[in-house]
Amino acid sequence: MPHERLKLTRDYYGGYESGDRRVVEKLLANEFTFYSPADMGIDRARYFERCWPGAELIEAFEFKRLLEVDDEVVVTYECTRTDGTRFRNTEVLTFGDDKLHRVEVYFGWNIA
C-alpha cells in the first residue's frame, strides 16, 4: 500500500498532538520496541510509562522530512512544546502488518 506508512506516521504524531493515547496504542504492535540514547530497547509497556507523560507538553509537530524506504519511515521534525520552546529530532519508524514495531530516536537539538 503506497504511502500508507506515511499516513500511519502522521497519525502516530497526531496522537501526541491531540493527547489521544488510544490513537498511539492502536498503531503499536504488541512486540513494539523503543530505542533512544536514554532508552535502549524498552518494550511497549515501559514506552508508555516513560514516553507518554510527555504528550501533555506537546503542542505541534512540523515535519521537515518524511521518507518512506521499504518498511521504514525516516522522520525529522521540529516540535513545539506548550510552553513555546522547540526542539528537533530525527526518528526511524519500522512498520510491519500496518503496525509500528520499532522506533529509533536521535535527539538533542533545542531550537531557539
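Whatever comes next refers back to the structure up there.
Notes on the structure in this doc start here. (Residues numbered from 1 in each chain as written. Predicted model: local features only at pLDDT ≥ 70, side-chain atom pairs only at ≥ 80, totals over all residues. Heavy atoms only, no water.)

With respect to the sheet that holds strand β4 (residues 72-81)
Logical step 1: Reading across from one edge, β2-β1-β6-β5-β4-β3 is the order of the six strands in this open sheet, with mixed pairing throughout. Because the sheet does not close on itself, it has two edges, and the strands there are β2 (39-43) and β3 (58-69). Strand-to-strand, the axes of this sheet are offset by a mean angle of 20°, without reference to chain direction.
Logical step 2: With four bridges joining them, strand β1 (residues 28-36) and strand β6 (residues 99-111) adopt parallel strand pairing. Its bridge partner being in β6, Y35 is matched across the sheet by E104.
Logical step 3: Those strands touched by helix α1 (residues 4-18) are β1, β3, β4, β5 (86-96) and β6, and its axis lies near 165° from that of β3. (Pairing = 2+ DSSP bridges. Helix = DSSP H or I, 4+ residues; strand = E, 2+ residues; numbered from the N terminus. Axes fitted to C-alpha atoms, helices over the stretch in contact; angles between N-to-C directions. Contact = heavy atoms within 4.5 Å.)

Notes on the environment of V75
Logical step 1: Structurally, V75 can be placed in strand β4.
Logical step 2: Taking the C-alpha atoms as reference points, V75 and K64, separated by 11 residues in sequence, lie 7.5 Å from one another.
Logical step 3: Residues contacting V75, with those up to four places away along its chain left out, are T9, Y13, F63, R65, L66, N89, T90, E91 and L93.

Looking at the side chain of T9
Logical step 1: Residue placement: T9 occurs in helix α1.
Logical step 2: Overall, the relative accessible area of 0% leaves T9 in the buried class.
Logical step 3: A distance of 2.8 Å separates the side chain of T9 from the backbone oxygen of R5, its partner in a polar contact.
Logical step 4: With near-sequence residues (within four places) excluded, T9 lies in contact with L66, V73, V75, L93 and F95. (Buried < 20%, exposed > 50% of the residue type's maximum accessible area, 1.4 Å probe, protein only. Polar contact = N/O pair within 3.5 Å; in protein donor to acceptor, adjacent residues only side chain to side chain.)

Remarks on the pairing of β4
Logical step 1: Bridge count for β3 against β4 is 10 bridges, and the pairing is antiparallel. Bridge assignment links R65 to a residue of β4, and that residue is T76.
Logical step 2: The turn linking β3 back onto β4 is made up of two residues, and D70 within it adopts a positive phi angle of 55°.
Logical step 3: Judged from the nine bridges that link them, β4 and β5 form a sheet pairing that is antiparallel. In the strand pairing of β5, V74 is matched with V92.
Logical step 4: Adjacent in sequence and paired antiparallel, β4 and β5 are bridged by four residues, among which G84 carries a positive phi angle near 90°.

Quick notes on the nonpolar core
Logical step 1: Core analysis: the biggest nonpolar cluster contains 28 residues, and Y12, Y16 and Y47 have the highest contact counts within it.
Logical step 2: At the level of secondary structure, the elements contributing two or more residues to this core comprise α1, α2 (21-27), β1, α3 (44-50), β3, β4, β5 and β6.
Logical step 3: Here the element with the most residues in this core is α1; it accounts for five residues.
Logical step 4: Those residues in contact with Y47, other than ones at most four positions away along the chain, are Y12, Y16, V24, L28, F32, F34, I42 and W52. (Core = buried A, V, L, I, M, F, W, Y, C linked by side-chain atoms within 4.5 Å.)

Spatial relationships are all this shows, so hold off on functional conclusions.
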